[in-house]
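# Coordinate inspection notes
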Amino acid sequence: MEKTNINAPAAEELAICMEESAVSVTRAYGHSPVVLMVDDATIGTLGNFSASIGKAKSKKTFNVSAIVASALTNGTILHYRSIFPEDKRKVLYVDTEQGRYHCQNVLKRILRLADLPEDKEPDNLVMLALRKYSPKMRLAIVEHAIGTIPDLGLVVIDGIRDFLYDINSPGESTDILSKLMQWTDDRQIHIHTILHQNKNDENARGHIGTELNNKAETIMQVEVDKDDKAISVVEAVHIRDREFEPFAFRINDDALPELVESYLPKVKVVGRPAKKPFDPYKEISESVHRAALDAIFTDGNIGSYDDYLECLKKGYGLQGVKLGHNKAVKVATFLGNKRMVIKDGKEYHFNSDYHY
């Protein structure tokens, strides 16, 4: 007897979805309203989502506090400028990492930045501290909040990684990104998320980071300045609109982010650039990685790390990529982080169904 998938949508539901999704050549469609800008560059529109990425202690939460304060006042804080419609003035701030005491400190910081009183509940800001809940429960609470808060315009999710059990799970990552796209489209809101970068490179962490890079309207990086550890620099690493000029802020004596007026973006060096550290993601294409791995694992799994490194040298050499020991180690680390090669016990095996 043929099995029926009880979770499959009914034909009637699919027909409704098709009708809702059909694009007409004669109907007029409005452009997504711009609601968040840096100077004259658009970083956020209704119906879309954006993200801030950065390493630990780069002041990502201070940066997003300025974004929220800007949205509350529909004004300019640091270089962030908000222009939310009157029926989209509510802000939902979700924190998944901190307890209520530390979240209250963030809340007070936002109110001070917005020049709003700290001794009364704000009219247009709802903050939720979801640290104690499971990823599944956090997601359900946020979905309920987004569906029920009236006049919602901006949602900030400080710690989107905590909606997943496995940060490298393609399935979970796709589900979360699908939720962001559904919520922003259904409610016509803007969502801004925060995600850590990897310690050893500039990539956003895990498969969820890869998905964000592919689908977000804007990705901003918050990075401690290399010459002055007291300031953090904000720049666009992916933006659909034109790029804005990087700017910097420091934390002042009132524990608030304050613009560094004298900051000048780093001038690109003319002439031969300094040689950058070897990066297997940027310097080797996905097709070369796959061809090399197909050759390396032709005879099955590899039983030790030293043998694995030697096989990497030979396999990539066949593709015209010469690897010494140090580069082979970096390639091995990259392949493991991308789940292209998985260590099972003491053996290494090729995950041919990886998501690049």
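Our structure's up above, just so we're on the same page.
Keep in mind the model is a prediction, meaning the values are calculated, not measured.

## Quick word on the packing of aromatic side chains
Taken as a whole, this structure holds 8 aromatic pairs when the rule is applied. Where Phe 244 meets Phe 247, the ring centres are 6.3 Å apart and the plane angle is 40°; that geometry is what we call tilted. Residue classification places Phe 244 among the buried positions, given a relative accessible area of 6%. Exposure remark for Phe 247: the relative accessible area of 4% places this residue in the buried category. With a centroid separation of 6.2 Å and 45° between ring planes, the pair formed by Tyr 305 and Tyr 348 is classed as tilted. Placement of the pair is Tyr 305 in helix 9 (residues 305-317) and Tyr 348 in strand 15 (residues 347-350), with a sequence separation of 43 residues. Judged by relative accessible area, which is 9%, Tyr 348 ranks as buried. Following the ring pairs from residue to residue traces out a cluster consisting of Phe 297, Tyr 305, Tyr 308, Tyr 348, Phe 350 and Tyr 354. Directly above the ring of Phe 62 sits Arg 109, whose terminal nitrogen or CZ lies 3.7 Å from the centroid.

## Re the environment of Gly 345
With respect to the helices and strands, the residue Gly 345 is situated in the loop between strand 14 (341-344) and strand 15. With relative accessibility at 56%, the residue Gly 345 sits in the exposed group. A C-alpha to C-alpha distance of 44 Å links Gly 345 and Asp 185, two positions 160 residues apart in sequence.

## Details of the packing of helix 8 (residues 286-296) against helix 9
Between helix 8 and helix 9, the least distance of the axes is 8 Å, while the angle of their chain directions is 125°. With respect to helix 9, the element helix 8 is oriented oblique. The chirality of how helix 8 crosses helix 9 is right-handed. Of helix 9, the residues touching helix 8 (which contributes His 289, Ala 292 and Ile 296) are Cys 311, Leu 312, Gly 315 and Tyr 316. Of the residues belonging to the contact of helix 8 with helix 9, the class tally is 5 nonpolar, 2 polar and no charged.

## What about the pattern of salt bridges?
Where charged atoms from two side chains of opposite charge approach closely, those side chains can pair. Using the criterion set out here, one finds 8 salt bridges in the structure. Among the salt bridges present, the one from Glu 86 reaches Arg 89, with a minimum N-O distance of 3.5 Å. Relative accessible area serves as the criterion here: at 63%, Glu 86 is assigned to the exposed category. We note a salt bridge from Lys 313 to Glu 310, for which the minimum N-O separation is 3.2 Å. Note that Lys 313 and Glu 310 are positioned in helix 9 at a spacing of 3 residues, about one turn of the helix. Judged by its relative accessible area of 39%, Glu 310 is partly exposed.

What counts, and at which threshold
- Residues numbered from 1 in each chain as written.
- Predicted model: local features only at pLDDT ≥ 70, side-chain atom pairs only at ≥ 80, totals over all residues.
- Heavy atoms only, no water.
- Phe/Tyr/Trp six-rings, centres within 6.5 Å; stacked < 30°, edge-to-face > 60°.
- Buried < 20%, exposed > 50% of the residue type's maximum accessible area, 1.4 Å probe, protein only.
- Helix = DSSP H or I, 4+ residues; strand = E, 2+ residues; numbered from the N terminus.
- Lys NZ or Arg CZ within 6 Å of the ring centre and 35° of its normal.
- Axes fitted to C-alpha atoms, helices over the stretch in contact; angles between N-to-C directions.
- Parallel < 35°, antiparallel > 145°, perpendicular 65-115°, else oblique.
- Left-handed = near helix turned anticlockwise from the far one by under 90°.
- Contact = heavy atoms within 4.5 Å.
- Nonpolar A, V, L, I, M, F, W, Y, C, P; charged D, E, K, R; others polar.
- Salt bridge = Lys/Arg side-chain N within 4 Å of Asp/Glu carboxyl O.

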